[in-house]
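Structural description and commentary
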Amino acid sequence: MLRLPSYVKDTTDFINKLRNIKLQSKNTYLVTLDVSSLYTNIPHTDGTDACLYYLRQGNNNSRLSSDEIVKLLKLILENNYFKFGDDYFLQKMGTAMGSPVAPAYAALFMGKFEEEFLKDSQLKPSLWLRFLDDIFMLWDHSLEELNTFIDKINNVHPSIKFTHTISQQSVSFLDVQVSKGKSYELQTNVYVKETNNHQYLDYTSCHPKRCKDGIPHSQAKRYRRIISDDDVFSTSLSKLREFFISRNFPETVIDSAFLHVSQMSQEDALRPQDKEKKNVLPFIVTYNPSLPNIGNTIHKYWDLLNLSKNEGVKNIHNNYTPIIAYKRPRNLQDFLVRSRFDTDSDFTSHSGGCCRKRCSHCVRINSDLRQLVFGITHIMHDNVLASKV
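Bear in mind that the values here come from a model prediction, so they are computed numbers and not experimental data.

1. Comments concerning the overall build of the chain
- The secondary structure content of the chain amounts to 12 helices and 14 strands.
- Counting every position in the chain, which comprises 389 residues, the buried fraction comes to 34%.
- Within the chain, contacts between residues separated by at least 24 positions form 65% of all contacts whose residues are at least 6 apart in sequence.
- Accessible surface computed for the chain: about 25100 Å², of which carbon and sulfur atoms make up 51%.

This is the structure:
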């Protein structure tokens, strides 16, 4: 998949591929294509043939033969059962959404599809890049010829259809707004959907402080990677600052993160970081704001392992670095939502007080308000929702 000529790994990779491109004329069309429901519209035979095609080109670094890999792939595709309500279903076409094999499978199918189509096309785009089912291309021919090109690609395969956007000014691809510059270069900006209300994690949320403090920095650096114009970047950063303030982030946290990123150029932000690879030993604990600094305690006494007479324990001390890994606690959704919907539950709902001596809400219970959601009895207070399973 990585060797496909059109392959785009992510936004950073896409911008790096655009940075040195010069348009051939001011009349160049910016075009995006999107495959409609790609995952569920790939016939098993066409998908496995595409995988076998690339495996036989020397891309197989597995101990299994190409035919054995395809046989296992067919086993996955042809046995995708799922349950809805009390009925079981078998997916006969396409690959399951969320399957680990789905992105590579779909990318290889599209790779063979576009290779065959572009090879047979008399007029070709000057640039063709693809991220799974999203395609960005530059077209240097007439609009009429472009429409003919799109009509042809929509008639290549009975189940693969494309929607498209054509512009001589600007188009969006992934989270990037691509537009023409005055010197025939391509300029990039952050693309924000109209429905995006910038609901970043609220700073009062039950998350580790380092996790929350890292959000302004990561978002500012994302802006720096995408936005090619320095003046536009400064303006966008000011707007971003207001979004974080509305989410109760301390101004000191925002300003510290933004100051660090403002000193970077776009090239600096796009450059991959060389991180030292370490063997880490995670200590996993459910996060709670009242927890002490467990990391400091572990590091304080870590060298005691070296005093052990057990060689295995000494090996852990010498070759691993301890880290704290937090997992989130159960939230309200975990209590209320279940993956299986039980339509025939004989569970009887009732309401009542919690009967705790120190509860100040039991006297305010509305005895007439009863609600049953997925087998959970809810005790409704005027301003409190408690639950009993």
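2. Thoughts on the sheet that holds strand β7 (residues 170-173)
- Pairing in this open sheet of three strands is antiparallel, and the strands run β7-β8-β9 from one edge to the other. A single partner strand is all that each edge strand has here, and the edge strands are β7 and β9 (186-190). When strand polarity is set aside, the average angle formed by the axes of neighbouring strands in this sheet is 30°.
- Contacting β7, β8 (176-180) and β9, helix α1 (residues 11-18) runs over the sheet at an angle of about 10° to β8.

3. Observations concerning the packing of helix α7 (residues 230-246) against helix α8 (residues 251-262)
- Packing of α7 against α8 leaves a shortest axis separation of 10 Å and a crossing angle of 160°. With respect to their mutual orientation, α7 and α8 come out roughly antiparallel. With respect to the hand of their crossing, α7 and α8 are arranged in right-handed fashion. Of α8, the residues touching α7 (which contributes Phe233, Leu237, Leu240, Arg241, Phe244 and Ile245) are Glu251, Ile254, Asp255, Phe258, Val261 and Ser262.
- Split by residue class, the contact of α7 with α8 holds eight nonpolar, one polar and three charged.

What counts as what
- Residues numbered from 1 in each chain as written.
- Predicted model: local features only at pLDDT ≥ 70, side-chain atom pairs only at ≥ 80, totals over all residues.
- Heavy atoms only, no water.
- Helix = DSSP H or I, 4+ residues; strand = E, 2+ residues; numbered from the N terminus.
- Buried < 20%, exposed > 50% of the residue type's maximum accessible area, 1.4 Å probe, protein only.
- Contact = heavy atoms within 4.5 Å.
- Areas by Shrake-Rupley, 256 points an atom, 1.4 Å probe, with all protein chains shown as cover.
- Pairing = 2+ DSSP bridges.
- Axes fitted to C-alpha atoms, helices over the stretch in contact; angles between N-to-C directions.
- Parallel < 35°, antiparallel > 145°, perpendicular 65-115°, else oblique.
- Left-handed = near helix turned anticlockwise from the far one by under 90°.
- Nonpolar A, V, L, I, M, F, W, Y, C, P; charged D, E, K, R; others polar.

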